[in-house]
Each structure stands twice: as C-alpha cells, then as structure tokens.
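Examination of the molecular architecture
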Amino acid sequence: MKAINRSFSTAPMMDWSDRHCRAFWRQLSKNTLLYTEMVTTGALIHGNRERFLQYNDIEHPVALQLGGSNPEELAQCAQFAEQWGYDEVNLNVGCPSDRVQNNMIGACLMAHPQLVADCIKAMQDACNIEVTIKHRIGIDDIDSYEHMRDFVATVAKTGCKSFTVHARKAILQGLSPKENRDIPPLQYPLVYRLKQEFPELEIIINGGIKTHAECSEHLSQVDGVMLGREAYHNPGILMQADALYFDADSSKDGSDSDADSLAQRIQAVRDFYPYIESELSKGATLHYISRHMLGLFNGMKGARQFRRHLSENAFKKESGIEVMEQALSLVEA
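Quick look at the structure, then. (Residues numbered from 1 in each chain as written. Predicted model: local features only at pLDDT ≥ 70, side-chain atom pairs only at ≥ 80, totals over all residues. Heavy atoms only, no water.)

We now examine the packing of helix α4 (residues 71–83) against helix α6 (residues 113–126). Where α4 meets α6, the closest approach of the two axes is 8 Å, and the angle between their N-to-C directions is 40°. Between α4 and α6 the crossing geometry is right-handed. Of α6, the residues touching α4 (which contributes Pro-71, Leu-74, Ala-75, Ala-78, Gln-79 and Glu-82) are Leu-115, Asp-118, Cys-119, Ala-122, Met-123 and Ala-126. Here the contact of α4 with α6 is built from residues that sort into 9 nonpolar, 1 polar and 2 charged. (Axes fitted to C-alpha atoms, helices over the stretch in contact; angles between N-to-C directions. Helix = DSSP H or I, 4+ residues; strand = E, 2+ residues; numbered from the N terminus. Left-handed = near helix turned anticlockwise from the far one by under 90°. Contact = heavy atoms within 4.5 Å. Nonpolar A, V, L, I, M, F, W, Y, C, P; charged D, E, K, R; others polar.)

A word on helix α16 (residues 303–313). All of the buried residues in α16 are Ala-303, Phe-306, His-309, Leu-310 and Asn-313. Axial view of α16: buried residues confined to an arc of 130°, hence all on one face. Those residues of α16 hidden inside the fold are in contact with α15 (286–290) and α17 (321–332). (Buried < 20%, exposed > 50% of the residue type's maximum accessible area, 1.4 Å probe, protein only. Arc of directions from axis to C-beta.)

Glancing now at the packing of helix α7 (residues 145–156) against helix α9 (residues 188–197). Running from N to C, α7 and α9 cross one another at 45°; their axes reach a closest spacing of 11 Å. As far as their axial angle goes, α9 and α7 are oblique. With respect to the hand of their crossing, α7 and α9 are arranged in right-handed fashion. Facing α7, whose interface residues are Tyr-145, Glu-146, Met-148, Arg-149 and Val-152, α9 presents Leu-190, Arg-193, Leu-194 and Glu-197. (Parallel < 35°, antiparallel > 145°, perpendicular 65-115°, else oblique.)

Our focus in this paragraph is unusual backbone geometry. Along the chain, His-60 connects to Pro-61 via a cis peptide bond; the corresponding omega equals 0°. Within the secondary structure, Pro-61 sits in the loop between α3 (49–53) and β3 (62–67). The phi dihedral of Asp-15 is positive, around 70°, even though this residue is not glycine. With respect to the element layout, Asp-15 can be found in the loop between β1 (8–10) and α1 (19–28). For Asp-140, which is not glycine, the phi torsion reads 45° and is therefore positive.

Turning our eyes to something else, we now look at the environment of Ile-204. Mapped onto the elements of the fold, Ile-204 is located in strand β7 (residues 202–206). In sequence terms Ile-204 and Leu-115 are 89 residues apart; their C-alpha atoms lie 22 Å from each other. Beyond its immediate chain neighbours, meaning those up to four positions away, Ile-204 contacts Arg-6, Ser-162, Phe-163, Thr-164, Val-165, Asp-223, Gly-224, Val-225 and Met-226.

Tallied over the entire structure, the rule returns 6 aromatic pairs. Ring geometry for Phe-8 versus Tyr-245: centroids 4.8 Å apart, planes at 5°, classification stacked. Of this pair, Phe-8 sits in strand β1 while Tyr-245 sits in helix α12 (residues 241–245), placing them 237 residues apart in sequence. Here Phe-8 falls in the buried class, since its relative accessible area comes to 0%. Under the relative-accessibility criterion, Tyr-245 is labelled buried at 11%. An angle of 50° between the planes, with centres 4.6 Å apart, marks the rings of Tyr-55 and Tyr-86 as tilted. Of the two residues, Tyr-55 is situated in the loop between α3 and β3 and Tyr-86 in the loop between α4 and β4 (88–93); the sequence distance between them amounts to 31 residues. Per residue, the accessibility class of Tyr-55 equals that of Tyr-86, and both read buried. Aromatic ring contacts, followed pair by pair, group Phe-24, Phe-272 and Tyr-275 into a single cluster. A cation over a ring is seen here: Arg-49 above Phe-80, with NZ or CZ 4.0 Å from the ring centre. (Phe/Tyr/Trp six-rings, centres within 6.5 Å; stacked < 30°, edge-to-face > 60°. Lys NZ or Arg CZ within 6 Å of the ring centre and 35° of its normal.)

Quick look at the structure:
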C-alpha cells in the first residue's frame, strides 16, 4: 500500500472539485493531495461509471470520496476506486444535505458508528488502497466530545488510521448545507484533543482555514490540514504548498514572494494550455475548465477584468486558448 502524505490537501466539494478543477490545481502544487467530489455508490453501480471516475493522470495523488451506507455497495465501489488507479478511497460522514440524509449518506451516519465501522471494514477487505474517513465533530444534539471520541474509537478498531475532521458539527434539522458550512461554530480544540487521545491515528483538520499561518498553527497540534473554499476561491494559496509542507524546494521557505508572484501564476495558466486544448478537442466548452481559475489573481491588479473576460466569453462554443490569452493580458498589463 502506497504511503500518502496528507500534510496538506484540498477538500471534496460538490460541483467544484471536479476533474478540470483538480487538473488545474495540479499546475499550482505537485504534492497536495486532491479529493474528488463525493460520488454516491448508486451513481457508480447504476450510473455512468466512466463519467464519475475518469480523471487525468496528472492529478495524482488523488483520492475518491464515496457516499453510501451499504457495506456491500461500498465494497464494490472501493474496488472500482482501486481499478481506476485512485491513490485512496474516502468515506463521507460529513455531508449535511437532506437528499443524502434520506439515503443514509453523510453526516447522519455519525449516529451509527458501528454501521460506519462495518462499511469501512468492507471497503478495506475489498481493495488494496488505503480507506480513510471524513466526518464532523457531531450532529444535532449528538455533539459531545465523548461521542466523537467513541465514534472514532469504534471506526479505528477496523484498522482505519486516517481521520479528517470538519471542526463543526452539522445541524441536520433546520440548516441548509450552505448554512452548515458557516453557522455552527468552529471548535478546533476538540480536534486537537482527539489527536492527543489517539496519538497513533493520523488526524487531519478541516473547516474555515484560510492562510498558511493558520495551517502552521494547526500543524503544531494535528497531522495535516485540508482546505476547501479558500483553495477554490483563492487557488494561488496552493502555490506555496510544496515548499511549506512537502520540502519540495528547500531553498524557499514558502514566504518567498517569488512563490506568490504574478509571473508564476501567469505561467501556471500557460502550462495548463495543453490540457485545455486536449479537452476542447474532445468537445468540452472552455467555461467548464476556466470557471475554476477565476480566483487565481485575487488581490492583484487586473483580477476583476480577468474574471469578467472569462465569465463573458468562455461559455461561447468557439472560445479557445485565445480567450485565455486575452484574459491574461488584462493582468499582465
């Protein structure tokens, strides 16, 4: 089983962390672990499997996140993950949407620790890649530290070693998924405490993390950090990850302004052109790729014009690399 460095990773995000997004992120960081959007077992078993599982080899290391609660179905999908070459398969025990609750998927499973353990064990028995879990600190009134500790202890008995913890509880009755990402308060100390109580487990922290300074603070307490919305809205933050978390270039300390420069961001876009051209040749529309790049120049001169040009032109069927070049000229000037 290949060891994976989870010091820094990007979160599974529905409608955002698709294969185009991940391929773009890989231009910015060679080592960050990238997670797919959550894919349900039903979609893989009964739907268009290729549509949900296809990715580009440049995305490695890449992990497939599954949603489900039937051990046999999850085992079958874990096999698919291995067959398609994913580096890891992860079980979602954190999504709070009504639709997934009704199918016993996501955060509601925190109320059923033994079922989750059965699911993880079935997945482990079915594949030779690592099986991991992403969960909340609690749900509704089941929100004590002791419950989360017992949940983790039950799942850990399977041999599962890596737990990514979204440091908010999920309120399943009364809050939308969007509200569940903001309204329940972040409780990072509970995740730190979990690591102290289970030093043998790999504990990754997720939720509301925005800066490398915050990442550094968390890494003094836990084993890894996972960024979600910040990585999507401000993808330039990934450009320092290799130097900061993976010792990719010891000559840079990650605070080097060069690692965050305009020229490097422009070059990252141009390095992505072969991928874009390949996808356009297969019938993709530029918009489906460029929409993930809109935040690359946030905070820099011309960023708004860059976003506007892509937003107004990338959806046109005939749009190609020239539209990207025109957008770049607005920040290069």
